[in-house]
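# What the coordinates show
Given next are the chains, with one letter for each unit.
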Amino acid sequence: MPASLIVWILTALILTAVLTQRWWEPRLAARGVDVNGWPLRWWIGGYPRVVLRMWFTWRRVCLLNGLSISNRGNMRRVGDIAVTGMVLRPKPPRMTFPMPTRGGLTVRVYMHPGQTPSPYLSAAHALEHAWRVYGVRVSSPARGQVLFKVTALDPLTGERPAHGGEELRLLQANVGRTEEDDIWLIDFRKVPHWLVTGATQSGKSTLLAALIRALSVQRVALVGIDCKGGMELGLFQNRFHLLATSRTEALGVLGTLVTEIETRMRACRTAGVRSIWDLHEIDRPAPVVVIVDELAELFLSDGSREARDETEQCAVNLLRLAQLGAALGVHLVLAGQRVGSDLGPRVTALRSQLGGRIAHRSHDEASAVMTLGDVNEDAVIVAQTISEDERGVAVVVSGGRWKRARSDLVGAADIAQIANTRGPQWPFLSGPVLEKEEGQAGG
Ligand SMILES: Nc1ncnc2c1ncn2[C@@H]1O[C@H](COP(=O)(O)OP(=O)(O)OP(=O)(O)O)[C@@H](O)[C@H]1O
Ligand SMILES: [Mg+2]
């Protein structure tokens with residue numbers, strides 16, 4: 001088979017490269033190529049093995065999963081009788097040469113005329129077992145073709161260096177990596193508001209820290225609300241324009257932000273535009289990302305009238321920010337263990353405004369359903385498979401599609417570095433109001 005010859009030739013080339021590594025490695029390093037980052041073990045050992053397995057099993061897997069067809073009809077005439085039967089040796093669809101990636105491979109398959117991608121989607125699980133790989137993701141990038149993205153091992157386990165160096169737009173944050181070994185990108189211009197949930201110690205605050213790290217180098221104003229006394233977000237106090245550590249302070253900060261969106265609305269109306277992104281660059285205020293850790297603390301009331309009024313006002317202000325903020329450059333990231341109607345009457349309306357959902361390990365099915373049930377039912381099942389050992393692993397749903405991802409761990413050195421970064425100098429349009437409020441909020 002000429003294809004297997006190609007694999008052996010490739011393997012021989014890679015082996016030669018390994019044996020002569022001492023010669024070429026320093027030369028490449030001198031030119032700025034980091035060979036240590038290459039997944040040589042996978043390319044030399046795993047990749048040829050998986051490719052051979054794919055070729056040897058392809059015909060059988062296609063037959064068993066209904067992907068093969070025959071050009072000849074399945075009816076024959078025997079004497080005067082027409083007999084219907086199964087055609088022997090139907091043809092599997094044509095597969096291109098599998099191309100190695102950092103942690104797996106990709107292969108394109110040309111569908112037979114009359115086929116759709118759905119039987120290929122159903123066969124993905126069978127392919128994972130037949131090829132003994134962690135995952136097979138099926139997509140259809142062009143008509144008549146399906147693309148298999150094969151992941152050899154779970155990329156979310158073990159210690160792996162964080163991805164970096166990619167050019168990102170304003171409000172795009174690289175917070176970790178996905179199970180396809182891509183960067184995990186939170187893009188507020190595409191999905192303006194996010195909900196983050198998970199049981200205690202599942203990785204919510206770590207994800208928020210990764211988000212703050214990514215946004216801290218951009219021209220973005222950060223506002224924090226951490227009613228756990230500022231234990232988590234207080235670490236980044238210097239980078240926040242406003243930080244509230246109690247519900248009373250949070251109410252002040254949220255009121256300030258509502259005033260800010262009203263000012264931005266007026267500015268847009270005066271300029272005759274529909275969002276701050278249509279304003280001239282010089283007049284455009286910096287976007288604001290409001291990060292709330294432990295949302296339930298905002299809604300917790302001791303039953304007194306004053307506390308009830310405060311929680312009610314917090315809920316109304318958050319809802320206004322969620323409803324009006326996207327076009328005005330005010331974005332919300334709300335994190336909590338459970339975000340259900342038991343927190344208050346406005347929570348369901350608030351949740352429905354948060355298009356992006358991130359669910360870490362949950363205590364029970366109901367919590368996963370609260371986060372993901374209304375956007376993607378499959379994701380609820382996947383979220384429940386996250387184990388206690390998989391801290392930081394989450395199911396991310398945006399635009400109706402789900403993926404598994406893991407946030408980067410933010411260490412003490414990163415925290416110190418973030419604390420030294422400075423945000424945009426005056427990000428708000430409603431300046432004097434904020435100056436007054438800032439003093440109150442302790443930011
Ligand atoms: N992405 C990650 N990679 C590795 N370890 C992680 C990751 N995320 C979290 N952890 C580990 O899990 C621990 C708990 O994480 P974190 O404090 O973010 O959880 P949490 O959901 O905010 O918990 P709580 O509800 O108690 O505030 C961290 O101290 C860290 O050791
Ligand atoms: Mg936390």
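Quantities reported herein were computed from a predicted structural model and do not represent experimental measurements. (Residues numbered from 1 in each chain as written. Chains lettered and ligands numbered in written order. Predicted model: local features only at pLDDT ≥ 70, side-chain atom pairs only at ≥ 80, totals over all residues.)

## Here's the deal with the UniProt feature "binding site: ATP" (unreviewed entry) in the chain
Per the UniProt record, "binding site: ATP" (unreviewed entry) is annotated on Gly198, Ala199, Thr200, Gln201, Ser202, Gly203, Lys204 and Ser205. On the neighbour-count criterion, glycine 198 (29 C-beta atoms within 10 Å) is buried. Residue contacts for glycine 198: discarding those within four places in its chain leaves Gly203, Lys204, Gln337, Ala359, His360, Arg361, Ser362 and Ala394. With respect to the helices, strands and loops of the structure, lysine 204 is situated in helix 5 (residues 204-216). By C-beta crowding, lysine 204 is classed as buried, having 24 other C-beta atoms within 10 Å. (UniProt positions renumbered as here; feature names shortened; annotations may be inferred. Buried ≥ 20, exposed ≤ 12 C-beta atoms within 10 Å, placed from the backbone. Contact = placed C-beta atoms within 7 Å. Helix = DSSP H or I, 4+ residues; strand = E, 2+ residues; numbered from the N terminus.)

## Focus on the pairing of strand 15 (residues 356-359)
Neither face of strand 15 is left uncovered, since the one carrying Gly356 and Ile358 and the one carrying Arg357 and Ala359 both have all their residues buried. Bridge count for strand 10 (residues 194-197) against strand 15 is 4 bridges, and the pairing is parallel. Bridge pairing in strand 15 places threonine 197 opposite alanine 359. For strand 15 and strand 16 (residues 393-398), the ladder comprises 3 bridges, and the chain directions are antiparallel. Looking at the pairing, alanine 359 lines up with valine 395 of strand 16. (Pairing = 2+ DSSP bridges.)

## Description of the sheet that holds strand 13 (residues 288-293)
Taken in spatial order, the 10 strands of this open sheet run 9-8-17-16-15-10-14-13-11-12, and their pairing is mixed. Every interior strand has two partners, whereas the edge strands, strand 9 (183-187) and strand 12 (240-244), have only one. Within this sheet the neighbouring strands show an average axis-to-axis angle of 25°, counted without direction. In the packing of helix 10 (residues 365-373) onto the sheet, contacts are made with strand 10, strand 15 and strand 16, and the angle to strand 15 comes to roughly 160°. (Axes fitted to C-alpha atoms, helices over the stretch in contact; angles between N-to-C directions.)

## Observations concerning unusual backbone geometry
Even without being a glycine, glutamine 201 presents a positive backbone phi close to 65°. Within the element layout of this structure, glutamine 201 appears in the loop between strand 10 and helix 5. A positive phi angle, near 60°, is found at glutamate 294, a position not held by glycine. Looking at the secondary structure, you find glutamate 294 in the loop between strand 13 and helix 7 (296-299). A count of 20 C-beta atoms within 10 Å places glutamate 294 in the buried class.

## Digging into the confidence of the model for the chain
Scored by pLDDT, the chain has a mean of 86; 93% of the residues are at 70 or more. Taken as a whole, residues 432-443 scores under 50 in pLDDT and shows 22 contacts with residues more than four places along the chain or in a different chain. (pLDDT = per-residue confidence, 0-100.)

## Focus on the packing of helix 3 (residues 40-64) against helix 4 (residues 118-131)
It is at 9 Å that the axes of helix 3 and helix 4 come closest, and there the two elements cross at 130°. Relative to helix 4, the element helix 3 lies oblique. Note that helix 3 runs across helix 4; the crossing there is right-handed. Seen from helix 3, the contacting residues are Val50, Arg53, Met54, Thr57 and Val61; seen from helix 4, they are Ala126, Leu127, Ala130 and Trp131. For the contact of helix 3 with helix 4, the per-class residue count stands at 7 nonpolar, 1 polar and 1 charged. (Parallel < 35°, antiparallel > 145°, perpendicular 65-115°, else oblique. Left-handed = near helix turned anticlockwise from the far one by under 90°. Nonpolar A, V, L, I, M, F, W, Y, C, P; charged D, E, K, R; others polar.)

## Structural notes on the packing of helix 6 (residues 247-271) against helix 8 (residues 305-324)
Relative to each other, helix 6 and helix 8 sit at 35°, their axes nearing to 9 Å. At the point where helix 6 passes helix 8, the crossing takes the left-handed sense. Note on element contacts: helix 8 touches helix 6 through Glu310, Gln313, Cys314, Asn317, Leu318, Arg320, Leu321 and Leu324, opposite Arg247, Thr248, Ala250, Leu251, Leu254, Gly255, Leu257, Val258 and Ile261. Here the contact of helix 6 with helix 8 is composed, by residue class, of 10 nonpolar, 4 polar and 3 charged.

## Looking at the environment of arginine 346
By secondary structure assignment, the location of arginine 346 is in the loop between strand 14 (330-336) and helix 9 (347-353). You can call arginine 346 partly exposed: it has 17 C-beta atoms within 10 Å. Each C-alpha atom, one on arginine 346 and one on leucine 318, is 9.6 Å from the other, the two residues being 28 residues apart in sequence. When sequence neighbours within four positions are dropped, the list of residues in contact with arginine 346 reads Ala315, Val316 and Leu319.

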